[in-house]
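# Observations on chain architecture
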Amino acid sequence: MYEEWVNKTTFDCGDIGVNTVNFVAEDTSGNQDITTFTVTVEDNTAPVAVAQDVTVSLDANGSYTLTAAEVNNGSSDNCTADADLSLSIDISAFDCTNIAATTTVTLTVQDASGNSDTATATVTVVDDMVPTVVTQDVTVTLDANGAATITTADIDNGSSDNCTADADLAFALDQTAFDCTNLANNGVNTVTLSVTDEEGNVQTGTATVTVVDTEAPTVTAQDIDVSLDANGEATIT
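Residues numbered from 1 in each chain as written. Predicted model: local features only at pLDDT ≥ 70, side-chain atom pairs only at ≥ 80, totals over all residues. Heavy atoms only, no water.

This part covers the environment of Glu4. Relative to the assigned elements, Glu4 resides in strand β1 (residues 2–6). Relative accessible area serves as the criterion here: at 47%, Glu4 is assigned to the partly exposed category. In the structure, Glu4 is positioned 19 residues away from Phe23 in sequence and 7.3 Å away in space, judged by C-alpha atoms. (Helix = DSSP H or I, 4+ residues; strand = E, 2+ residues; numbered from the N terminus. Buried < 20%, exposed > 50% of the residue type's maximum accessible area, 1.4 Å probe, protein only.)

Let us now look at the sheet that holds strand β6 (residues 86–89). Spatially, β4-β9-β8-β6 is the arrangement adopted by the four strands of the open sheet, whose pairing is mixed. The strands lining the two open edges of the sheet, one partner per strand, are β4 (54–57) and β6. When the angles between neighbouring strand axes are averaged without regard to direction, this sheet yields 30 degrees. The pairing of β4 with strand β9 (residues 116–126) spans four bridges and is parallel. By the bridge assignment, Ser57 is partnered in β9 with Val126. (Pairing = 2+ DSSP bridges. Axes fitted to C-alpha atoms, helices over the stretch in contact; angles between N-to-C directions.)

On to the environment of Asn22. Tracing the sequence through the fold places Asn22 in strand β2 (residues 17–27). Expressed as a C-alpha distance, the spacing of Asn22 and Phe37, which sit 15 residues apart in the sequence, is 6.6 Å. Setting aside residues no more than four positions away along its own chain, Asn22 makes contact with Trp5, Val6, Asn7, Ile34, Thr35 and Thr36. (Contact = heavy atoms within 4.5 Å.)

Moving on, we get to the side chain of Asn98. Tracing the backbone shows Asn98 in the loop between β7 (93–95) and β8 (103–110). Look at Asn98 and you get buried, because its relative accessible area is 18%. A polar side-chain atom of Asn98 sits 2.9 Å from the main-chain amide nitrogen of Asp95. When residues no more than four places from it in sequence are discounted, the contact partners of Asn98 are Ala93, Thr103 and Val125. (Polar contact = N/O pair within 3.5 Å; in protein donor to acceptor, adjacent residues only side chain to side chain.)

Take unusual backbone geometry next. At Asn185, a residue that is not glycine, the phi angle is positive and equals roughly 60 degrees. Position of Asn185 relative to the elements: it lies in the loop between β13 (177–179) and β14 (188–196). Located in the positive-phi region is Asn186, a residue other than glycine, with phi close to 60 degrees. As for its placement among the helices and strands, Asn186 is situated in the loop between β13 and β14. Residue class for Asn186 comes out exposed when judged on its relative accessible area of 72%.

In the structure shown here, the tally under the stated rule is two disulfides. Residue pairing for Cys13: its cysteine sulfur links by disulfide to Cys79, the two sulfurs lying 1.9 Å apart. One disulfide, between Cys13 and Cys79, carries an S-S torsion of -75 degrees and so falls in the left-handed class. Taken together, the residues Cys13 in the loop between β1 and β2 and Cys79 in the loop between α1 (68–71) and β6 connect sequence positions 66 residues apart. Here Cys96 pairs with Cys163 through a disulfide, and the sulfurs are 2.0 Å apart. (Disulfide = S-S within 2.5 Å.)

Here it is, written out as structure tokens:
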């Protein structure tokens, strides 16, 4: 009679690769014969990829760079630690053209043994950045009727937006009409220019409108007759 055993029977992630195992045979007299063989342990189990939908905001240049970490939502593997998993996405660059519709991105997760899994997520791109408002001060002259008007074009001085073209920006002023009452305070009046982009983001800026009156008065005279008094004098006004 004799006994047989091996010195290692269980294997785990720490044993991935080639392992040398001893096979021992021993008879009843205690005589042994030992031989070795190799056990190659492989990890053929793919990671579990878990993705999450995200909403991103475009920057001042109308762009956003998405990272795989933002899409990852707890992907894991049987052997590779979460921090050591390799994460990648098929689409990472977004701009103003992506606002109209959602974009599907694919997250790929790869473990240290080269096994991989994928998951998809929806990326919603928003433009919540307000326009940049640039104004200029103007001087207006009242006309013969004591009135003057301005337009947004008079006050705007190159306002812009990260996504909306300059020509498509909406402009508004809180005051466009001026009259003689606006000559008070040396004619200095503050107006507010509002600029709205195509996504409804609004920003305001102020400018000074100086109102001046350069119209000379209109003088109308009439001929009159005066009678001298007892002193031979007369006074007119």
